[in-house]
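One-letter residues, chain by chain:
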Amino acid sequence: MNIRFEFFFNYYTYLSFRPNCYFENSTKKLFSFASKLTHWFSPDFIGNINLTLGNRRYYFDNDLLTIYNQYETQKLVLGGSLDYSIIDELNISGGYQHTKFESFSVNYFFLGLRSKIIY
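What about the overall build of the protein?
And step 1. Scanning the protein from N- to C-terminus turns up zero helices and nine strands.
And step 2. Mapped from its N terminus to its C terminus, the protein presents α and β elements in the order β-β-β-β-β-β-β-β-β.
And step 3. Overall size of the protein, expressed as C-alpha extent along the three principal axes, is 50 × 30 × 30 Å.
And step 4. Looking at the 119 residues of the protein, the share that counts as buried comes to 31%.
And step 5. Surface accessibility of the protein: about 8,400 Å² in total, with carbon and sulfur atoms responsible for 63%.

Laid out in structure tokens, this is it:
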């Protein structure tokens, strides 16, 4: 089960909360809580901070439309990113994310270009 609560504090700041429940056939129950804060510093410059606490595996990310079919239980995700619009159809994005699982951690650094396809 996955639901979302969304709050707009003002025209420039947005916060979302996503509690998540996962029930396995073996009666194992996993609960997690994800949150994302987005702030528009200007129309061309956006910052994001995300935090996930709890236990999750085999979950569906409805923002990315992605199924995470991971056997290891995820405990924490903490990250941030900045997006800058170079022109209307081209953004540069960069950020960091720390992900903690039961027996290991992964640190992601990313920098890239994102483009809109208009036809």
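Remarks on the sheet that holds strand β8 (residues 90-101)
And step 1. Strands sit in the order β1-β2-β3-β4-β7-β8-β9 across an open sheet of seven strands; the sheet is antiparallel. Looking along the sheet, the strands with just one partner apiece sit at the ends: β1 (5-8) and β9 (105-115). On average, each strand axis in the sheet is inclined to that of its neighbour by 10°, with strand direction left out of account.
And step 2. Pairing geometry for strand β7 (residues 74-87) and β8, over twelve bridges, is antiparallel. Residue leucine 82 lies in a different strand from β8, and its bridge partner there is glycine 94.

Quick notes on the confidence of the model for the protein
And step 1. Of all residues in the protein, 96% have pLDDT values of 70 or greater, and the mean over the chain is 88.
And step 2. Predicted confidence in the protein is weakest over strand β5 (residues 59-61), with a mean pLDDT of 72, and strongest over β8, with 95.

Quick look at the pairing of β1
And step 1. Looking at chain direction, β1 and strand β2 (residues 13-23) are connected through four bridges and run antiparallel. Along β2, the bridge assignment pairs phenylalanine 5 with phenylalanine 17.
And step 2. Between β1 and β2, which pair antiparallel one after the other, the connecting turn spans four residues.

Some points on the packing of aromatic side chains
And step 1. Counted by the stated rule, this structure contains nine aromatic pairs.
And step 2. Here tyrosine 11 and tyrosine 12 contribute two aromatic rings whose centre-to-centre distance is 5.4 Å and whose plane-to-plane angle is 85°, an arrangement assigned as edge-to-face.
And step 3. A relative accessible area of 74% means that tyrosine 11 is categorised as exposed.
And step 4. Ring centres of tyrosine 96 and phenylalanine 109 lie 4.8 Å apart, and the angle between their planes is 45°; this geometry places the pair in the tilted category. Within this pair, whereas tyrosine 96 is found in strand β8, its partner phenylalanine 109 is found in strand β9, the two being separated by 13 residues in sequence.
And step 5. Owing to a relative accessible area of 31%, tyrosine 96 belongs among the partly exposed residues under this scheme.

Points about a nonpolar patch on the surface
And step 1. A cluster of nonpolar side chains, contributed by Ile3, Phe5, Phe7, Phe9, Leu37 and Ile49, occupies part of the molecular surface with about 560 Å² of accessible area.
And step 2. With respect to the helices and strands, leucine 37 occurs in strand β3 (residues 29-42).

Cut-offs and rules
Residues numbered from 1 in each chain as written. Predicted model: local features only at pLDDT ≥ 70, side-chain atom pairs only at ≥ 80, totals over all residues. Heavy atoms only, no water. Helix = DSSP H or I, 4+ residues; strand = E, 2+ residues; numbered from the N terminus. Buried < 20%, exposed > 50% of the residue type's maximum accessible area, 1.4 Å probe, protein only. Areas by Shrake-Rupley, 256 points an atom, 1.4 Å probe, with all protein chains shown as cover. Pairing = 2+ DSSP bridges. Axes fitted to C-alpha atoms, helices over the stretch in contact; angles between N-to-C directions. pLDDT = per-residue confidence, 0-100. Phe/Tyr/Trp six-rings, centres within 6.5 Å; stacked < 30°, edge-to-face > 60°. Patch = residues over 30% accessible without salt bridge, like charges linked within 9 Å, V, L, I, M, F, W, Y side chains within 5 Å. Salt bridge = Lys/Arg side-chain N within 4 Å of Asp/Glu carboxyl O.

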